[in-house]
Amino acid sequence: MTAVFYVSCQLAEVDVNGIIEGKFTLSPLCGVEPINADENHPCGYSFEQLDTIYGQYKVQVIDATTLKVIAEKKMDHTGQFSFTVPKGTYNLDYQPHISTPSNITQSLPNGITLRAGEKITKDISINTGIR
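Residues numbered from 1 in each chain as written. Predicted model: local features only at pLDDT ≥ 70, side-chain atom pairs only at ≥ 80, totals over all residues. Heavy atoms only, no water.

Caption draft 1: How the structure looks around the state of the cysteines. Taken as a whole and assessed by the stated rule, the structure comprises one disulfide. Paired through a disulfide, Cys30 and Cys43 show a sulfur-sulfur distance of 2.0 Å. On the sign convention where negative is left-handed, the bridge of Cys30 and Cys43, at about -100° about the S-S bond, is left-handed. Remark: Cys43 occurs in the loop between strand E1 (17–27) and helix H2 (47–54) and Cys30 occurs in the loop between E1 and H2; sequence separation between them is 13 residues. For the residue pair Cys30 and Cys43, the accessibility class agrees, reading buried in each case. (Disulfide = S-S within 2.5 Å. Helix = DSSP H or I, 4+ residues; strand = E, 2+ residues; numbered from the N terminus. Buried < 20%, exposed > 50% of the residue type's maximum accessible area, 1.4 Å probe, protein only.)

Spelled out as structure tokens, the structure:
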């Protein structure tokens, strides 16, 4: 009887987590692109300089019902993030928010419904307002 109980408990263990991943991008980082800029080094910044800029920000996963932060990650120059969280509905945010001119709107992924075992990709692109 114990063996049957053990086996049925093992079968009941199902992964209820999913993954929310994506890329956080800040742009533009400078008004005029210098000659030494390229796709990997916007404004001619080194990876260390980009780590300093991006390192000021963190991406957050927020429970859409309770509005509590479930997970967060400090950014680096890659801007990549990945969170393993329980199934549910979430919003993505970043901190600290950037103050931009009133004619620039920031759109963040909200109402992300994540099912168990699912992987969802949502990117965050922030317009810095630099011209």
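Caption draft 2: The environment of Thr128, seen in detail. Along the chain, the position of Thr128 falls in the segment after strand E8 (124–127). Classification of Thr128 by relative accessible area gives buried; the value is 14%. Note: C-alpha distance between Thr128 and Leu29 (99 residues apart in sequence) is 7.1 Å. For Thr128, the side chain forms a polar contact with the main-chain oxygen of Pro28, separated by 2.4 Å. (Polar contact = N/O pair within 3.5 Å; in protein donor to acceptor, adjacent residues only side chain to side chain.)

Caption draft 3: Region of interest: the pattern of salt bridges. Taken as a whole and assessed by the stated rule, the structure comprises two salt bridges. One salt bridge in this structure joins Glu118 and Arg115, with 3.4 Å as the shortest N-O distance. Using a relative accessible area of 54% as the deciding quantity, one classes Arg115 as exposed. (Salt bridge = Lys/Arg side-chain N within 4 Å of Asp/Glu carboxyl O.)

Caption draft 4: Examining the sheet that holds strand E6 (residues 112–114) more closely. Strand order in the open sheet formed by four strands is E3-E2-E5-E6, and the pairing between neighbours is antiparallel. Only two strands of the sheet have a single partner each, and these edge strands are strand E3 (69–74) and E6. Along the sheet, successive strands turn relative to each other by an average axial angle of 30°, direction set aside. (Pairing = 2+ DSSP bridges. Axes fitted to C-alpha atoms, helices over the stretch in contact; angles between N-to-C directions.)

Caption draft 5: Broad picture of the pairing of strand E2 (residues 58–63). For E2, a buried count of five out of six residues is recorded, marking the element as mostly surrounded by other parts of the structure. Here E2 runs beside E3; their pairing, made up of five bridges, is antiparallel. Paired with Lys58 across the bridge in E3 is Lys74. Both E2 and strand E5 (residues 88–95) contribute to a ladder of six bridges, which runs antiparallel. Counterpart to Val59 in the pairing with E5 is Tyr94.

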